[in-house]
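Residue-level structural notes
Letter by letter, the chains look like this.
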Amino acid sequence: MTPGAANAYDSVMRTWVPLLLSGGLALVLAASCGEATCENGLCTCEAGANCDFECDAPPCHVDCGEGSDCSGACANGTCECAPEATCDFACDAPPCHVTCAGDNPSCSGTCANGTCACGSNSSCAFTCSAGPCHVTCDGTCVVDCPPDTAGTQNCDITSCAAGEIVVCPGGAATTCGAPCP
C-alpha cells in the first residue's frame, strides 16, 4: 500500500470503526450525498441536497431539508419532508410515521401502525402497509390501503382540507382532493 493510501485508510478506520462499534451509526448512506449526516438513528439531508438513505438497524429516522430531493427508509421511526422538498419514504419495520410539511411537489411514504400528514399545497401519496394508519390531509392525498380496509379505522383519512373524503370502489384506496387510482 502506498503511503497516501495507508493514510486515507487510517483516517477512514479512525472515523468509522468507533461509530460502528459504539452503535452510533444506525443508518448507512446508500449513495454519497456530500451534504448528509447520520447519527444516533437519524439521517439528515441538508437543504437543497440530493440524498438516499437505507436503514441498517432500527430505529431509523430521516429528516429531509427544505428543497431537497430525498429518499430513505424509516424503521420504528419518523420520516419528515421539509417545505418544497421532494421525498419518498419506505418503512422497514413498524411503526412508521411520515410528515410532509407543505409546498411539497411530491411526497410519498409508507405508514405502518402510524400516522401520515400532508401539508398545505402538497401532493401526497401514502401506502398503509400495516394498520392502523391515519392520514391528515391539508393538500391532495391518495392513500393505498390493504384490501377492504379503506375508510375503516385500519386505514383512513381523518381530515381533508380539500373537502370530501372519498373511499374508492373496491376498498383499496381513499382520497382527498385527488381522483381514485
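Everything below is about the structure shown above.
On a predicted model such as this, the values are computed, not experimentally measured, just so you know.

Conventions and cut-offs
Residues numbered from 1 in each chain as written. Predicted model: local features only at pLDDT ≥ 70, side-chain atom pairs only at ≥ 80, totals over all residues. Heavy atoms only, no water. Helix = DSSP H or I, 4+ residues; strand = E, 2+ residues; numbered from the N terminus. Buried < 20%, exposed > 50% of the residue type's maximum accessible area, 1.4 Å probe, protein only. Polar contact = N/O pair within 3.5 Å; in protein donor to acceptor, adjacent residues only side chain to side chain. Contact = heavy atoms within 4.5 Å. Disulfide = S-S within 2.5 Å. Pairing = 2+ DSSP bridges. Core = buried A, V, L, I, M, F, W, Y, C linked by side-chain atoms within 4.5 Å.

1. Some thoughts on the side chain of Asp 156
By secondary structure assignment, the location of Asp 156 is in strand β11 (residues 155-160). Judged by its relative accessible area of 15%, Asp 156 falls in the buried class. Among the polar contacts made by the side chain of Asp 156, one reaches the side chain of His 134 at a distance of 2.7 Å. Excluding residues that lie within four positions of it along the chain, Asp 156 makes contacts with Cys 133, His 134, Val 135 and Gly 151.

2. Remarks on the state of the cysteines
This structure, assessed with the given rule, holds 14 disulfides. The partner cysteine of Cys 74 in its disulfide is Cys 79, sulfur to sulfur 1.5 Å. Cys 74 gets classed as buried once you look at its relative accessible area, which sits at 1%. A relative accessible area of 0% means that Cys 79 is categorised as buried. Here Cys 137 is linked by a disulfide to Cys 141, with a sulfur-sulfur distance of 2.1 Å. Residues Cys 137 and Cys 141 are joined through a disulfide that is right-handed, its torsion about the S-S bond being 105 degrees. With respect to burial, Cys 137 and Cys 141 carry one shared label: buried.

3. Let's talk about the pairing of strand β3 (residues 42-45)
Across 4 bridges, the pairing between strand β2 (residues 36-39) and β3 is antiparallel. By the bridge assignment, Thr 37 is partnered in β3 with Thr 44. What sits between β2 and β3 in their antiparallel hairpin is a turn of 2 residues, with Asn 40 showing a positive phi close to 50 degrees. Relative to strand β5 (residues 61-64), β3 runs parallel, the two being bridged by 4 bridges. What sits directly across from Cys 43, in β5, is Val 62.

4. What to know about the nonpolar core
With 39 residues, the main nonpolar core has Phe 53, Cys 70, Cys 87, Phe 89 and Phe 126 as its most contacted residues. Each residue touching Phe 89, except ones within four places of it in the same chain, is listed here: Val 62, Cys 64, Gly 72, Cys 79, Glu 80, Cys 81, Val 98, Ser 108, Gly 109 and Thr 110.

5. Thoughts on unusual backbone geometry
The linkage connecting Pro 58 with the following residue, Pro 59, adopts the cis geometry, with an omega of 0 degrees. Residue placement: Pro 59 occurs in the loop between β4 (50-55) and β5. Omega for the peptide link from Gly 131 to Pro 132 comes to 0 degrees, which places this bond in the cis form. Note that Pro 132 resides in strand β9 (residues 123-137). In this structure, Glu 84 takes a positive phi of about 65 degrees despite not being glycine. With respect to the helices, strands and loops of the structure, Glu 84 is situated in the loop between β6 (69-81) and β7 (86-100). One non-glycine residue, Asp 103, lies in the positive phi region at around 55 degrees. Residue Asp 103 is classed as partly exposed on the basis of its relative accessible area of 38%.

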